Amino acid sequence: MNSSQTPGIRPMTAADLDAVLLIEQSSFPLPWKREHFLHEITAPHSFPFVAEIDGKVAGYVCLMSLFEEAQILDIAVAAEQRGRGGGRLLMDKALAVAREKGAEVMALEVRESGAAAIGLYRALGFRQTGIRANYYESRENAVLMEKNIKEKP
Ligand SMILES: CC(C)(COP(=O)(O)OP(=O)(O)OC[C@H]1O[C@@H](n2cnc3c(N)ncnc32)[C@H](O)[C@@H]1OP(=O)(O)O)[C@@H](O)C(=O)NCCC(=O)NCCS
């Protein structure tokens, strides 16, 4: 992210959704719709956050945390802001909130071609636990990853 400014991380609100949807649509072949994000904003076990720079949404993460298991449902950073630490900040926030809610494991799935995302998750200590063949609409495989989050790294 902009090296002169640290992005602020705060809960996502409905007012963020125009900006969130622009990032979502330019990041994924089958993007989430507004209703998905609205659900995350209101669902009791969902904790969506945005990263904001100069009042502008630069990225977001959707976390679900229920009993001992947390899941990353969606994460993206605007293309022009990638590689500047925003993804890591969003994941750090999700990990902190999941721990606070009592989760012991964080799980996620990622496209096999998602090198940046896989790099980010590996850097955070996630390990591959399996492959789901032909999982995505394009028949691409999903890589399943997990991290024990009971204790801080
Ligand atoms: C994945 C994504 C959120 C990462 O966000 P980001 O802000 O660019 O990531 P950061 O700058 O915080 O990078 C953190 C770490 O991730 C890894 N990483 C980031 N980009 C990478 C790349 N292109 N290749 C390999 N590793 C990468 C590195 O370990 C990096 O740490 P370092 O900078 O100290 O080397 C972003 O690339 C994105 O939005 N991608 C499209 C959407 C997507 O694939 N979402 C994941 C769905 S599961």
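Please refer to the structure placed before this passage.
Residues numbered from 1 in each chain as written. Predicted model: local features only at pLDDT ≥ 70, side-chain atom pairs only at ≥ 80, totals over all residues. Heavy atoms only, no water.

J.: How do you make sense of the overall build of the chain when you look at a structure like this?
T.: Along its length, the chain carries four helices and seven strands. When the helices and strands of the chain are listed from N to C terminus, the series reads β-α-α-β-β-β-α-β-α-β-β. The globule rule puts the C-alpha radius of gyration for 153 residues at 15 Å, and the 15 Å found for the chain is close to it. When its C-alpha atoms are laid out on the principal axes, the chain stretches across 40 × 35 × 30 Å. Within the span of the chain, comprising 153 residues, buried residues form 43% of the whole. The contacts in the chain between residues at least 6 apart in sequence include a share of 58% that link residues at least 24 apart. Surface exposure of the chain reaches about 8400 Å², of which carbon and sulfur atoms provide 51%. Within the chain, the 20 negative side-chain charges are centred at a point lying 4 Å from the centre of the 18 positive side-chain charges. (Helix = DSSP H or I, 4+ residues; strand = E, 2+ residues; numbered from the N terminus. Rg over C-alpha atoms; globule rule 2.2 N^0.38 Å. Buried < 20%, exposed > 50% of the residue type's maximum accessible area, 1.4 Å probe, protein only. Contact = heavy atoms within 4.5 Å. Areas by Shrake-Rupley, 256 points an atom, 1.4 Å probe, with all protein chains shown as cover. Lys, Arg positive; Asp, Glu negative; His and termini not counted. Charge placed at Lys NZ, Arg CZ, Asp CG, Glu CD.)

J.: Explain helix 4 (residues 115–123) to me, please; I cannot follow it from the model alone.
T.: Two residues of an α-helix separated by three or four positions point the same way, owing to the 3.6 residues in each turn. When we look at burial in helix 4, the residues that qualify are I118, L120 and Y121. Seen end-on, helix 4 carries its buried residues on one side only, within an arc spanning 160 degrees. Residues of helix 4 that are exposed and point more than 90 degrees away from the buried face comprise A115, A116 and R122. Contacts made by the buried residues of helix 4 are with strand 4 (69–77), helix 3 (86–100), strand 5 (105–111) and strand 7 (142–148). (Arc of directions from axis to C-beta.)

J.: Please clarify how the site of the ligand should be interpreted in this entry.
T.: The local shell around the ligand holds 20 residues, among which V77, G83, G85, G87 and R88 are the closest. Between the ligand and I75, the relevant distance is 2.8 Å, taken from a nitrogen atom to a main-chain nitrogen or oxygen of the residue. Burial of the ligand by the surrounding chains reaches 68%, relative to a free accessible area of 930 Å². At the level of secondary structure, the elements contributing two or more residues to the shell around the ligand comprise strand 4, helix 3, strand 5 and helix 4. Looking at the shell around the ligand, the element that brings in the most residues is helix 4, giving seven residues. Here the residues of the shell around the ligand are counted per class, giving eleven nonpolar, five polar and four charged. (Near = heavy atom within 4 Å. Polar contact = N/O pair within 3.5 Å; in protein donor to acceptor, adjacent residues only side chain to side chain. Nonpolar A, V, L, I, M, F, W, Y, C, P; charged D, E, K, R; others polar.)

J.: It is not clear to me how unusual backbone geometry should be interpreted in this structure. Could you clarify?
T.: In terms of backbone geometry, most residues other than glycine have negative phi values and most peptide bonds are trans. The phi angle at N134 is positive, at roughly 55 degrees, despite the residue not being glycine. The phi angle at R139 is positive, at roughly 70 degrees, despite the residue not being glycine. Residue class for R139 comes out exposed when judged on its relative accessible area of 55%.

J.: Would you take a moment to explain the environment of I118 for this structure?
T.: Secondary-structure assignment places I118 in helix 4. Taking C-alpha positions, I118 is 8.9 Å from M145, a pair spaced 27 residues apart along the chain. In this structure I118 touches V110, R111, E112 and V143, once residues within four positions along its chain are discounted.

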